[in-house]
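Structural description and commentary
This is what each chain is made of:
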Amino acid sequence: MADIVFINPRFEMSYWGMEYALPFLGKRANLPVACLPLLAALTPAEHTVTLIDENVEAIDFARCVRADIVGVTGMSVQRFRMKEILANLKRRGVFTVVGGPWVTVREDYFGDLADVIFVGEAEETWPRFLSEWGQGLHQVRYEQAEKSDMTKVPTPRFDLLKMRHYAFGSLQFSRGCPFQCEFCDIIVTFGRRPRIKTSAQIIAELEALRAQKMRIVFIVDDNLIGNKKAIKEVLRDIVAWQGATGYPLTFFTEASIDLADDPELMELMVAANILSVFIGIESPREESLRETKKFQNVRAGGTLLEKVHRIQEAGMEVWCGMIMGFDHDDATIFDAQRDFIREARIALTMIGMLHAIPKTPLHDRLAAEGRLDPSDEPEFGTNIIPLRIGREELREGYLKVLRDLYEPDAYFGRLEALFLEGRIRHGRGRSRYWKRHPLNRLKMESLWLVQALGLFARLMRGVPEAGLRKEYRKRLWRLLKVRRDPGTVLIYVLEMAMHYHAHTMARQMSSGGTRIVNSF
Ligand code: B12
Ligand code: SF4
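What this report covers is the structure whose coordinates are included nearby. These numbers come from a predicted model, not from an experiment. Per chain, the residues get numbers from 1 upward, laid out in the order the sequence is written. Numbering of ligands from 1 and lettering of chains from A proceed in the order in which they are written. With pLDDT at 70 or above as the cut-off, local features in this predicted model cover only qualifying residues; side-chain atom pairs require 80 or more to be listed or tallied, and sums for whole chains, interfaces and linings still use all residues. The side-chain numbers reported here are obtained from all heavy atoms of the structure, hydrogens and water having been left aside.

**Digging into the environment of Asp485**
The numbering of helices and of strands both runs from the N terminus, where a helix is a DSSP run of H or I of at least 4 residues and a strand a run of E of at least 2. If you trace the backbone, Asp485 turns up in the loop between helix 19 (466-482) and helix 20 (486-510). Asp485 sits 40 residues away from Glu445 along the chain, and the two C-alpha atoms are 8.0 Å apart.

**Regarding unusual backbone geometry**
The backbone of Met18 shows a phi angle near 60 degrees, a positive value even though the residue is not glycine. By the secondary structure assignment, Met18 is in the loop between strand 1 (3-8) and helix 1 (22-25). Despite not being glycine, Asn273 has its phi angle at roughly 80 degrees, a positive value. If you trace the backbone, Asn273 turns up in the loop between helix 10 (263-271) and strand 12 (274-282).

**Some remarks on the packing of aromatic side chains**
Between two aromatic rings, the relevant description is the distance of the centres plus the angle of the planes. Under the pairing criterion, centres of Phe, Tyr and Trp rings, with the six-membered ring standing for Trp, must be within 6.5 Å; the plane angle then separates stacked pairs below 30 degrees from edge-to-face pairs above 60, leaving the rest tilted. Under the definition given, this model contains 24 aromatic pairs. Note on Tyr109 and Phe110: the rings are 5.1 Å apart at their centroids and 85 degrees apart in plane angle, and the pair reads as edge-to-face. Phe110 carries the same exposure label as Tyr109, and that label is buried. Here the aromatic rings of Phe118 and Phe129 are separated by 5.6 Å at their centres, their planes lie at 90 degrees, and the arrangement is edge-to-face. Of this pair, Phe118 sits in strand 5 (residues 116-119) while Phe129 sits in helix 6 (residues 125-134); the two residues are 11 residues apart in sequence, bridging distant segments of the chain. Neither Phe118 nor Phe129 differs from the other in exposure class; each is buried. Lying across the ring of Tyr109, Lys83 places its NZ or CZ 4.2 Å from the centre. Per-residue accessibility, obtained with a 1.4 Å probe over protein chains only, is compared with the maximum for each type, and a residue is labelled buried under 20%, exposed over 50%, and partly exposed between these values. Here, a charge over a ring is recorded when the distance from Lys NZ or Arg CZ to the ring centre is within 6 Å and its angle to the ring normal is within 35 degrees.

**Structural notes on the nonpolar core**
Grouped burial of nonpolar side chains is what soluble globular proteins tend to show. We define the nonpolar core as a collection of buried residues of types Ala, Val, Leu, Ile, Met, Phe, Trp, Tyr and Cys that are connected through side-chain atoms lying within 4.5 Å of one another. Formed by 144 residues in total, the largest nonpolar core has its most connected members in Trp126, Phe129, Leu259 and Ile311. Take this core: its biggest share by element is 13 residues, from helix 20. Residues within four places of Leu259 in sequence aside, it is in contact with Ile225, Leu265, Met266, Met269, Val277, Ile311 and Met316. In this structure, Val5, Ile7, Leu86 and Ile357 belong to the second largest nonpolar core, which totals 24 residues. In what follows, a contact means two residues having at least one pair of non-hydrogen atoms within 4.5 Å.

**Considerations on the environment of Leu402**
Relative to the assigned elements, Leu402 resides in helix 15 (residues 391-405). Distance from Leu402 to Gly467, taken between C-alpha atoms, is 20 Å for residues 65 residues apart in sequence. Discounting residues that sit within four places of it in the chain, Leu402 has contacts with Ile351, Ala506 and Met509.

**Topic: the sheet that holds strand 10 (residues 216-219)**
Here six strands make up an open sheet; going across it, the order is 7-10-11-12-13-14 and the pairing parallel. Either end of the sheet is taken by a strand with one partner, and the two such strands are strand 7 (169-171) and strand 14 (349-353). If you compare each strand with its neighbour and ignore which way they point, the axes differ by 20 degrees on average. Any two strands with at least two DSSP-identified bridges between them are counted as paired. Sheet topology places strand 12 next to strand 13 (residues 317-324); six bridges connect them, and they run parallel. Bridged to Val277 within strand 13 is Val318. Here an axis means a line fitted to C-alpha atoms, over the contact stretch when the element is a helix, while the angle between two N-to-C directions is reported on a 0 to 180 degree scale.

**Details of helix 4 (residues 79-91)**
One less than the residue count of a helix, multiplied by 1.5 Å, gives the span that helix is expected to have. Compared with the 18 Å implied by 1.5 Å per residue over 13 residues, the 18 Å span of helix 4 between its first and last C-alpha is a close match. When we look at burial in helix 4, the residues that qualify are Arg79, Arg81, Met82, Ile85, Leu86, Asn88 and Leu89. Buried residues belonging to helix 4 abut strand 1, helix 3 (61-66), strand 3 (69-72), strand 4 (96-98) and helix 5 (101-105). Positive phi appears at Gly93, one or two residues downstream of helix 4, with a value of about 80 degrees.

**Quick word on the pairing of strand 14**
Counted residue by residue, strand 14 has five buried out of five residues, so it is predominantly covered. Across five bridges, strand 13 lies against strand 14 in parallel orientation. If you follow Cys320 over to strand 14, its bridge partner there is Thr349. Each parallel crossover has a hand, and the one from strand 13 via helix 13 (residues 333-344) to strand 14 is right-handed. Seen with the strands pointing away from the viewer, any crossover whose path from the first strand over the helix to the second strand runs clockwise is right-handed.

**Some thoughts on the sheet that holds strand 2 (residues 48-53)**
The six strands lie next to each other as 2-1-3-4-5-6, forming an open sheet whose pairing is parallel. Each having just a single partner strand, strand 2 and strand 6 (141-143) make up the two edges of the open sheet. Put simply, the sheet's adjacent strands are angled 20 degrees from each other on average, direction ignored. Direction of pairing for strand 3 relative to strand 4: parallel, over a ladder of three bridges. Its bridge partner being in strand 4, Val72 is matched across the sheet by Val98.

**Here's the deal with the site of ligand 2**
Here a residue counts as near a molecule or strand whenever at least one of its heavy atoms sits within 4 Å of it. The full set of residues close to ligand 2 is Cys177, Phe179, Cys181, Phe183, Cys184, Ile187, Lys294 and Gln296. Classification used: nonpolar for Ala, Val, Leu, Ile, Met, Phe, Trp, Tyr, Cys and Pro, charged for Asp, Glu, Lys and Arg, polar for all others including Gly. For the shell around ligand 2, the per-class residue count stands at six nonpolar, one polar and one charged.

**A few points about the pattern of salt bridges**
When a carboxyl oxygen of Asp or Glu is within 4 Å of a side-chain nitrogen of Lys or Arg, the pair counts as a salt bridge. This structure, assessed with the given rule, holds 49 salt bridges. Where Arg507 meets Glu407, a salt bridge forms, and the shortest distance between an N and an O atom there is 3.2 Å. With a gap of 100 residues between them, Arg507 in helix 20 and Glu407 in the loop between helix 15 and helix 16 (408-421) connect regions that are remote in the sequence. Within this structure, Asp409, Glu416, Glu471, Lys474, Arg475 and Arg478 form a network of salt bridges that share partners.

**What about the side chain of Glu132?**
Looking at the secondary structure, you find Glu132 in helix 6. Assessed through its relative accessible area of 16%, Glu132 is described here as buried. Those residues within four positions of Glu132 in sequence are excluded, and the remaining contacts are Leu137, His138, Gln139 and Tyr142.

**Some points on the pairing of strand 5**
Taking every second residue as pointing to the same face, both faces of strand 5 are buried, with Val116 and Phe118 on one and Ile117 and Val119 on the other. Where strand 5 lies against strand 6, three bridges are found, and the strand directions are parallel. If you follow Ile117 over to strand 6, its bridge partner there is Arg141. Since strand 5 and strand 6 lie parallel, the crossover through helix 6 that links them has a hand, and here it is left-handed.

**Here we look at helix 10**
Looking at helix 10, one finds that the buried residues are Leu265, Met266, Leu268, Met269, Val270 and Ala271. Against the buried residues of helix 10 lie helix 9 (228-245), strand 11 (250-255), strand 12, helix 12 (304-314) and helix 17 (428-436). Just downstream of helix 10, Asn273 is the residue with a positive phi angle, here 80 degrees.

The analysis is restricted to geometry; functional conclusions fall outside its scope.
Dropping the structure here:
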């Protein structure tokens, strides 16, 4: 029997880290990394497991010293902290294992600091390692020969985390994505064949999250709609579950733009209460999309703008990822990005410079062309050397676009275009249910109203700049003149808090106050 501790290290500042918004929400972290409660569930019952998320509590190193095995996970933006933690543990003589997205693409990164590394998925290798470790026969590197069978993945042990400190819950339906974007490490790790859990598994996880009193849940799939036929069946079961349990959960997720070509799928997502969808749009420039093999974004069926608007009209807000620095990008790309995002009415946009993640086809190509900066912290914020613009020009252009997008006029211009002119209607599925359950509606809307007012009051007390506070008051007033339903008001105020995060981050980076955070 082993005493095992798993650690998720502190994140560095990032767009989706929401660091500047979290204090207003009264939370310590955005959401729990899905691997921690899952690894706990994958651990055979004879072992004991403790989960530590450094984003919500300090690491008790004395506790770690007593453990037989300490496992550390992490993605790119945690790599420096992962190294510090591993070095600390090594000094104390702790046996360490490392897994997750970063070590999967940079196997040599931690050197001797890790006794064992896990590359990619670990549903089979983690229990196998424990059995071999018990016999003193373990290896130093584990990688599954086959991808995990998602129909056998257990319900994560959310009960081992301090869920009250997180703004959202996390839940995974499927892994893998059928597309072939050149820069993407997800398909390198999880493959191009979407693998999906059964409805029974997913509903067990929904119940587990509900038991933890979570209300908003992020579906962490690489691409929720990778297998449209299979996901439609699951969504039908979730709609039925929501109806039977009083629509307790609200979701947001990630999907590809071909969602816009399938009205039935959009309708099912709305009925399941998915309010927003993050889409990798990457570029308004067709040549750049073709170059990066993002062919799904240049397919027939309308322009990118038309497709975004179609999803919004169906009742889901679109968030997006955008990238600058492709080989076809010249100095005109910065204005093109700004114009597209404005016309698309996308308020929350994660914009970044192209970055070559190890093991991806892009990394191989640029290495062969001698266009990679090998440093761990590249001076210009990305490791690629662009073709048609200088490195400095790319960095400055990126910072300027980022700052411009989050200037209050630009940001609220996009939000007002969507909420006031476009009159986006979130949560139609739940509204239909409420027609038959008006008391339920009254209870929920009263709660949202209190939450919206509380959050707005905290913004008014906590945002230091008087000009920004005045702007937020003005924008809320403009919304209230047209729309007063509590659900819309709450979403609007939440996006105000998100504005504060992105605006602060963009200002600090462009003034040289903090190091450049790229979105890789
Ligand atoms: C959902 C998601 C998010 C969510 C939730 C993030 C969170 N805090 O959990 C949101 C949208 C908030 C997000 C944000 C970001 N993300 Co993100 N995200 C993902 C996504 C799509 C799924 C992650 C997930 O939950 N998977 C499900 C779990 C179960 O899988 P897993 O973590 O891989 O764990 C399995 C194995 O890896 C293994 N394992 C993992 N750890 C360990 C440890 C040990 C000891 C062992 C034995 C095994 C093991 O076991 C698990 C079971 O098989 C991935 C893509 C992907 N598929 O990995 C990107 C990804 C992880 N994100 C990435 C990035 C860069 C970011 C951001 C920095 C982007 C930004 N600029 O804002 C932020 C920062 C995060 C933050 N502060 O929270 C990159 C990381 C690149 C890299 N290779 O390191 C990825 C890979 C996507 C990409 N290529 O761009 N993200
Ligand atoms: S659509 Fe997204 S997940 Fe799929 S290959 Fe492209 S970048 Fe990767």
